[in-house]
Amino acid sequence: MLNLKDISCGYGLKKILNSISFEIKEGTTTTFLGANGTGKSTLLKAIVGLLTYSGNLFLKGEEVRKIPVKKRAKLLAYVPQSTNIPFDFTVLEVVLMGRFHASKLSLNYSKSDFKIAQGSLERVGIGDFANRVYRLLSGGERQLVLLARAIAQQSQLIVMDEPITGLDLGNQMRLLLLIDSLKNEGYTLIKTTHYPDHALRVSDQVVWIGEGKILASGYAKEVINIKRLKEVYGVESECYDHPSGQRFILPLRFMENKI
Amino acid sequence: MSKRAITYIASAMIILVVAIFISFWLGHFPISFLEYKSIIMYKLGFKVDLAHLSKLDEITIIFRDIRFPRIAAAVLIGASLSVSGAVFQGMFVNPLVSPGILGVLSGASFGAALGMVLRLPWWSVQISAFIFGFIAVFLALTVAKFYGKGNGILMLVLGGVISSSLFGAFVSLLKYVADPYDTLPSIVYWMMGSLSSVNLFEAWIAASLVTLSLVGILIFSKHLNLLSLGEEDAKALGVDVFKTRFFIIFLATLLSAVSVMLAGVIGWIGLVVPHVARFLIGANHVVLLPFSALIGAIFLLVVDSISRSLFSVEVPLGILTSLVGIPVFIWALHRNVKAH
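All values derive from a computational prediction rather than experimental measurement. (Residues numbered from 1 in each chain as written. Chains lettered and ligands numbered in written order. Predicted model: local features only at pLDDT ≥ 70, side-chain atom pairs only at ≥ 80, totals over all residues. Heavy atoms only, no water.)

Peer 1: I'd like to hear about the overall build of chain B, residue by residue, with values.
Peer 2: Assigned secondary structure in chain B consists of 14 helices and zero strands. Going residue by residue from the N terminus, the α and β elements of chain B occur as α-α-α-α-α-α-α-α-α-α-α-α-α-α. In terms of overall dimensions, chain B is globule-like: its C-alpha atoms have a radius of gyration of 21 Å, near the 20 Å expected for 340 residues. Summed over its atoms, the accessible surface of chain B is roughly 15,000 Å², and 75% of this surface lies on carbon and sulfur atoms. Distance from the positive charge centre (21 side chains) to the negative charge centre (14 side chains) of chain B: 10 Å. (Helix = DSSP H or I, 4+ residues; strand = E, 2+ residues; numbered from the N terminus. Rg over C-alpha atoms; globule rule 2.2 N^0.38 Å. Areas by Shrake-Rupley, 256 points an atom, 1.4 Å probe, with all protein chains shown as cover. Lys, Arg positive; Asp, Glu negative; His and termini not counted. Charge placed at Lys NZ, Arg CZ, Asp CG, Glu CD.)

This is how it looks when you write it as structure tokens:
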């Protein structure tokens, strides 16, 4: 699905990522983990084509920077960390924008686009939000709307920047379950998160990013371990396996001087 | 399009038509309401009492040569400035932006002032204003492209600031060297805006340019919706940001340049009207743009009608639009704060 070869990128003269290479298979969920400011979001932006990069980034065999924008929006959907819109668009209007890549040069969206948009809202559990004003929603609610917009794009690949941050416990569960069900339908998902527990719960592949490169990557239960958490976050923790098969992390102490 | 939006747009259309009819009636040449009604009925092919048509020829000339160009100009310029403002506010993701953000007004002012200082004929002064409006925007875009790789809202704003300031300085220079007894007052008066000199020919030119630009912009209203989410979202959702922006800037500049060319600098409309329109009808450009055009047309037509009928000496439009625009703006802000 997605193949990164020797990717370097950054903002202006400042290099953030250096020579990153890995592969993401179709129908899998990949999570990027790493401390604040290590370049997780930057990498997502490069994948989505919002940032210029050097190296090769193939999406279904095509170099991302060469794919025309409309086609790219059809191939992959992006859920940004947070979007502040100073204008009073309704939720339905925001979600309809996900249909832009499929719409003609006409004034309005088609009936089927409206149906898809409404369906996406229902999919994330906020079908009754359609006529509310996006700007007046809480951060968590906005996050759900942006996810609905990405689903409305009907792209095979959904790239999410910290989709769970800012959601209450119920919505966190809702989103984790949604990610799982999307994966089961054949979507490929990429997300960043600050919660190792969530990464353990819904990822096939975990990529640790630090100091501009890949620290480790592999099967979630193999690469999320006590040693790594200590190295990356400076947190001493313990790891438990629940009878259900889930593994969770209990953080115990923060150490000022990381190893 | 929601039912509410259609109702608002239809109401605005009706109000505009009524305002146009009233404006034809108002003016320094006195026409009784009965006469006015009879003439309209007569022109529409109805039978009327001939006693009311005694001044028919005079009134026809006044309508055609004086009131029509002026009313047409008010409607067109009001619509142009409002749409231009709405477009720039959306594109810059900032509701406090006005049509002059990229320097078109300063550039056009310089062009006009230059023409007046050189004592060119009036039509060349207008063309000079039009051309320098575009040159100023081009300068702003060049600065933005040079330092921001052609995109980046911040660079565009800075480019606009540079261009506006530069041409503003040039205007001051021209004012300084202009003949203080005739050229300087005409520059100053021109920069306050007025519709009194618009003639029939100019009105038709403006009508065609404005209609073309409005239709062109309207076709891109969905793009504008996405652009008003910010550059990254727009790109990720499939908008070719650079090309779309260029096209929209070109059309919005054309709208402002035509306005300035005909009527000088008329402030406030481009800032206030989109606000009021957005507050009433929402942010979706598909309905916001036509609605802004209608509200802007009504607003300028009413203000200009007041200006030419209420006072014995005509008050420059720029002054009146500010005086009327500021309370409207405060009302809009007040309701906005209360609503949220």
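Peer 1: How would you sum up the overall build of chain A? Please name residues and give values.
Peer 2: When you go through chain A residue by residue, the secondary structure sums to nine helices and twelve strands. Scaling as 2.2 N^0.38, a compact globule of 259 residues should have a C-alpha radius of gyration of about 18 Å, and chain A matches this with 19 Å. Principal-axis analysis of the C-alpha atoms places the extent of chain A at approximately 60 × 40 × 35 Å. Burial analysis of chain A (259 residues in total) assigns 53% to the buried set. (Buried < 20%, exposed > 50% of the residue type's maximum accessible area, 1.4 Å probe, protein only.)

Peer 1: Describe the environment of Val 315 of chain B, naming the residues involved and giving the relevant values.
Peer 2: Residue and element names in this part refer to chain B. In this structure, Val 315 sits in the loop between helix H13 (285–309) and helix H14 (317–339). Placed 123 residues apart in sequence, Val 315 and Met 192 show a C-alpha to C-alpha distance of 9.4 Å. Excluding residues within four positions of it along the chain, Val 315 makes contact with Ser 307 and Leu 320. (Contact = heavy atoms within 4.5 Å.)

Peer 1: So what about the environment of Ser 11 of chain B? Which residues, and what values?
Peer 2: Inspection of the secondary structure assignment puts Ser 11 of chain B in helix H1 (residues 3–25). Ser 11 of chain B sits in the partly exposed class, given a relative accessible area of 31%.

Peer 1: How would you sum up H13 of chain B? Please name residues and give values.
Peer 2: The first and last C-alpha atoms of H13 of chain B sit 35 Å apart over 25 residues, in line with the 36 Å expected at 1.5 Å per residue. With 21 of 25 residues buried, H13 of chain B lies mostly within the body of the structure. (Expected span 1.5 Å × (residues − 1).)

Peer 1: Explain the interface of chain B and chain A to me, and be specific about the residues and the numbers.
Peer 2: Counting residues at the interface gives 29 residues for chain B and 31 residues for chain A. Summing both sides of the interface, chain B and chain A together bury roughly 2,700 Å²; the carbon and sulfur share of this comes to 66%. The largest per-residue losses of area from chain B upon contact with chain A belong to Lys 222, Leu 229 and Leu 237 of chain B, which jointly make up 25% of the total buried on that side. One can count two salt bridges joining chain B with chain A. Taken together, the links from chain B to chain A amount to four residue pairs in polar contact (both at pLDDT 80 or more). Elements supplying a minimum of two residues to the side of chain B that touches chain A: helix H3 (56–91), helix H8 (200–219), helix H9 (221–227), helix H10 (231–236) and H13 of chain B. Top element by residues in the side of chain B that touches chain A is H9 of chain B. It accounts for five residues. (Buried area = accessible area lost by both parts, 1.4 Å probe. Salt bridge = Lys/Arg side-chain N within 4 Å of Asp/Glu carboxyl O. Polar contact = N/O pair within 3.5 Å; in protein donor to acceptor, adjacent residues only side chain to side chain.)

Peer 1: Mind laying out unusual backbone geometry, listing which residues take part and the relevant values?
Peer 2: Residues and elements named next belong to chain A. If you check the backbone angles, Asp 6 has positive phi at about 60 degrees while not being a glycine. You can see Asp 6 is positioned in strand E1 (residues 2–11). Asp 6 gets classed as partly exposed once you look at its relative accessible area, which sits at 44%. Of note in the backbone geometry, Gln 154 takes a positive phi value of approximately 55 degrees without being a glycine.

Peer 1: Which residues make up the sheet that holds strand E2 (residues 14–24) of chain A, and what are the values?
Peer 2: All names here are of chain A. Within the open sheet, the four strands sit side by side as E2-E1-E4-E5. Their pairing is antiparallel. Both edges of this open sheet fall to E2 and strand E5 (62–63), since each of them pairs with a single strand only. Packing of helix H1 (residues 40–48) onto the sheet brings it into contact with E1, E2 and strand E4 (53–59), and relative to E1 it is tilted by some 120 degrees. (Pairing = 2+ DSSP bridges. Axes fitted to C-alpha atoms, helices over the stretch in contact; angles between N-to-C directions.)

Peer 1: Give a description of the environment of Lys 37 of chain B that names residues and reports values.
Peer 2: All names here are of chain B. Counting through the fold element by element, Lys 37 comes out in helix H2 (residues 33–43). Given the relative accessible area of 43%, Lys 37 is considered partly exposed. Along the chain, Lys 37 and Arg 67 lie 30 residues apart, while their C-alpha atoms are 16 Å from each other.

Peer 1: How would you explain the pairing of E4 of chain A if you had to name every residue and give the values?
Peer 2: All names here are of chain A. Summarising the sheet, E1 and E4 pair through six bridges and their orientation is antiparallel. The partner of Ser 8 across the bridge, within E4, is Ser 54. Relative to E5, E4 runs antiparallel, the two sharing two bridges. In the sheet register, Phe 58 faces E5, and the bridge partner there is Glu 63.

Peer 1: Describe the packing of helix H12 (residues 269–281) of chain B against H13 of chain B, and please don't skip the residues or the numbers.
Peer 2: All names here are of chain B. Between H12 and H13, the shortest axis-to-axis distance is 9 Å and the interhelical angle comes to 125 degrees. As far as their axial angle goes, H13 and H12 are oblique. Like other packed secondary-structure pairs, H12 and H13 cross with a definite hand, here right-handed. Where H12 abuts H13, its residues Ile 269, Val 273, Pro 274, Ala 277, Arg 278, Leu 280 and Ile 281 lie against Val 287, Leu 288, Phe 291, Ser 292, Ile 295, Gly 296, Phe 299 and Leu 300. Of the residues belonging to the contact of H12 with H13, the class tally is twelve nonpolar, two polar and one charged. (Parallel < 35°, antiparallel > 145°, perpendicular 65-115°, else oblique. Left-handed = near helix turned anticlockwise from the far one by under 90°. Nonpolar A, V, L, I, M, F, W, Y, C, P; charged D, E, K, R; others polar.)

Note that every value here comes from positions in space, so none of it alone points to a role or purpose.
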